[in-house]
Amino acid sequence: MAPSSSPLRTTTSEADEKYANVKWEELGFALTPIDYMYVAKCKQGESFSQGKIVPYGDISISPCSPILNYGQGLFEGLKAYRTEDDRIRIFRPDQNALRMQTGAERLCMTPPSLEHFVEAVKQTVLANKKWVPPPGKGTLYIRPLLLGSGVTLGVAPAPEYTFLIYASPVGDYHKVSSGLNLKVDHKSHRAHSGGTGGVKSCTNYSPVVKSLLEAKSAGFSDVLFLDAATGRNIEELTACNIFILKGNIVSTPPTSGTILPGVTRKSISELARDIGYQVEERDVSVDELLEAEEVFCTGTAVVVKAVETVTFHDKKVKYRTGEAALSTKLHSMLTNIQMGVVEDKKGWMVEIDSCQG
């Protein structure tokens, strides 16, 4: 994997250095290669081996593997955080493990167990702890992959699977400070009923790139897709979920098979309920979107991000953003838990033990 434009670094050989030599203030959402990654393999129908930490680098894979020929692959995304008192914590890795298992069942793959997934993530973070940014300077984005890596020429499940985890320090996914400017795509669709929109299949993402590039070339931040069945209801963006607010009611489209059940989405729904909002998971029409008081997106990469405008055909609507917005409050509530500013009463954070391993 070649690095994108990123604040690349040099390293020292000091075993006890606290931080890698990274210009943390310049981090965006791009790859900064780290030192190590985790790799485990298993045969179809068996259990994964314990796996091992190896130097980060390219992998060898057969050109006849199902991941390359038929897209039999899943990925996850989660983050590690460094607190002011120098603890390193991971946000809800069990939820990513469960989601990978759901995706594996859909794609006829063998997944790692929940315990194996969480332990492998912890090992990966611990091996690369100097790449976890200082508090307030970013996070360590963790990317677990489940790949159909065995050899099979016909359309069939792979005879062997690879579970791999790499990571990269990252900054903000969207650099805009006020809010996102979205374009509603009424021509192409991200997912359809009975497909794979509800799991984190690798095949879900490249088809949306064309719409995203067209939107960005026209000055938009991202694309909002509509349901394929009616073309009237909103679903999600290229890589995050969406919420609308009107009065005391927060609404988000249901995870009924075409929408990814986001871990941040689930967490934000719970936090909104905690502060007295009524949260509804239901079909949300474009008309309701255009009449909302506030709109925001959630995801591991974007965290919680306000939407400033939505454009549908020739109509452009502006929404509330800034300090008075609910999205600002929810962002603060979530990140305060993640960064250890407030007590984690929900048990969402998993601490990395520096003595582990």
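Calculation criteria
Residues numbered from 1 in each chain as written. Predicted model: local features only at pLDDT ≥ 70, side-chain atom pairs only at ≥ 80, totals over all residues. Heavy atoms only, no water. UniProt positions renumbered as here; feature names shortened; annotations may be inferred. Phe/Tyr/Trp six-rings, centres within 6.5 Å; stacked < 30°, edge-to-face > 60°. Helix = DSSP H or I, 4+ residues; strand = E, 2+ residues; numbered from the N terminus. Buried < 20%, exposed > 50% of the residue type's maximum accessible area, 1.4 Å probe, protein only. Salt bridge = Lys/Arg side-chain N within 4 Å of Asp/Glu carboxyl O. Expected span 1.5 Å × (residues − 1). 1 Å grid on protein atoms, 1.4 Å probe; cavity = no way out; pocket = protein on both sides within 12 Å on 5 of 7 lines; lining within 4 Å. Points joined across faces, edges and corners; volume = space filled by probe spheres on them. Nonpolar A, V, L, I, M, F, W, Y, C, P; charged D, E, K, R; others polar. Disulfide = S-S within 2.5 Å. Pairing = 2+ DSSP bridges. pLDDT = per-residue confidence, 0-100. Contact = heavy atoms within 4.5 Å.

Looking at an unreviewed UniProt entry, one finds the protein chain named Branched-chain-amino-acid aminotransferase, with Arabidopsis thaliana x Arabidopsis arenosa as its source organism. Checking UniProt for the protein chain, the heading Cofactor (unreviewed entry) contains the comment "pyridoxal 5'-phosphate". If you open the UniProt record of the protein chain and go to Sequence similarities (unreviewed entry), you find "Belongs to the class-IV pyridoxal-phosphate-dependent aminotransferase family."

Engineer: Looking at this structure, I do not really get the packing of aromatic side chains. What am I missing?
Structural biologist: For any pair of aromatic rings, the description rests on two quantities: the centre-to-centre distance and the angle between the ring planes. Counted under the stated rule, the structure contains ten aromatic pairs. On the basis of an interplanar angle of 70 degrees and a centroid distance of 6.0 Å, the ring pair of Tyr-38 and Phe-163 is categorised as edge-to-face. With a gap of 125 residues between them, Tyr-38 in strand 1 (residues 36-43) and Phe-163 in strand 7 (residues 160-170) connect regions that are remote in the sequence. Here Tyr-38 and Phe-163 have matching classes, each one buried. Three or more aromatic residues joined by ring pairs form one cluster here, namely Tyr-38, Phe-48, Phe-117 and Phe-163.

Engineer: I tried to follow the pattern of salt bridges on my own but got confused; where do I start?
Structural biologist: Should the charged atoms of two oppositely charged side chains come close, the side chains can pair. Counted under the stated rule, the structure contains 18 salt bridges. Of the charged contacts, one joins Arg-99 and Glu-76 as a salt bridge, the two residues approaching to 2.6 Å between their closest N and O atoms. Taken together, the residues span a long stretch of sequence, with Arg-99 in helix 2 (residues 93-106) and Glu-76 in the loop between strand 3 (73-75) and strand 4 (78-82) at a distance of 23 residues. Taking the shortest distance from any N to any O, the salt bridge between Glu-236 and Arg-190 comes out at 3.4 Å.

Engineer: Sorry, what's going on with helix 3 (residues 114-127) here?
Structural biologist: Residues spaced three or four apart along an α-helix face the same direction, because each turn holds 3.6 residues. The end-to-end C-alpha distance of helix 3 is 20 Å, a good match for the 20 Å that 14 residues give at a rise of 1.5 Å each. By the burial criterion, the buried members of helix 3 are His-116, Phe-117, Val-118, Ala-120, Val-121, Lys-122, Thr-124, Val-125 and Leu-126.

Engineer: Honestly, empty space enclosed by the protein in this entry has me stumped. Any pointers?
Structural biologist: Left-over empty space is what a probe sized like a water molecule reveals as it rolls over the atoms. In total, this model carries one cavity of 30 Å³ or more according to the counting rule given. By volume, the largest cavity amounts to about 100 Å³. Forming the boundary of the largest cavity are 13 residues, of which Tyr-81, Phe-91, Thr-264, Thr-300 and Gln-338 lie nearest the centre. Of all elements in the fold, only strand 4, helix 5 (263-274) and helix 7 (326-338) reach the threshold of two or more residues within the lining of the largest cavity.

Engineer: Is there a simple way to explain the layout of surface pockets in this structure?
Structural biologist: Approximately 770 Å³ is the volume attributed to the largest pocket. If you trace the largest pocket, you find 32 residues lining it, with Asp-172, Val-302, Val-303, His-331 and Thr-335 closest to the centre. Put simply, the parts of the chain that give the lining of the largest pocket at least two residues each are strand 4, strand 15 (303-312) and helix 7. Counting residues per element, the lining of the largest pocket draws most heavily on helix 7, which supplies five residues. Its residues assigned to classes, the lining of the largest pocket shows twelve nonpolar, 13 polar and seven charged. Phe-75, Tyr-173, Tyr-205, Thr-238 and Ala-239 are, among the 28 residues lining the second largest pocket, the residues nearest its centre. Among the elements of the structure, strand 6 (139-148), helix 4 (209-217), helix 5 and strand 14 (294-299) are those that each provide at least two residues to the lining of the second largest pocket. Of the residues assigned to the lining of the second largest pocket, the class counts are 15 nonpolar, nine polar and four charged.

Engineer: So what exactly am I meant to see when it comes to the state of the cysteines here?
Structural biologist: Tallied over the full model, the rule gives zero disulfides. Here Cys-64 stays unpaired: no disulfide links it, and the sulfur of Cys-202, its closest cysteine neighbor, is 18 Å away. For the unlinked cysteine Cys-108, the closest cysteine sulfur is that of Cys-42, found at 14 Å.

Engineer: What should I look at first to understand the pairing of strand 6 in this one?
Structural biologist: Side chains on a regular strand alternate between the two faces of the sheet. Counting buried residues along strand 6, ten of its ten residues qualify, which places the element largely inside the surrounding structure. Both faces of strand 6 are covered, namely the face carrying Thr-139, Tyr-141, Arg-143, Leu-145 and Leu-147 and the face carrying Leu-140, Ile-142, Pro-144, Leu-146 and Gly-148. Both strand 3 and strand 6 contribute to a ladder of three bridges, which runs antiparallel. For Gly-73, the partnering residue across the bridge sits in strand 6 and is Leu-147. Taken together, the ten bridges between strand 6 and strand 7 define a ladder with antiparallel strand orientation. Bridged to Gly-148 within strand 7 is Tyr-161.

Engineer: In this structure, what is going on with the confidence of the model for the protein chain? I would like to understand it.
Structural biologist: Parts of the model with low pLDDT should not have their predicted coordinates read in detail. Per-chain confidence: the protein chain averages 93 in pLDDT, with 94% of residues scoring 70 or above. Across residues 1-6 the pLDDT falls below 50, and counting only partners more than four positions away or on other chains, this stretch makes 13 contacts in the model. For residues 8-15, every residue scores under 50 in pLDDT, and the model assigns this stretch twelve contacts once sequence neighbours within four places are set aside.

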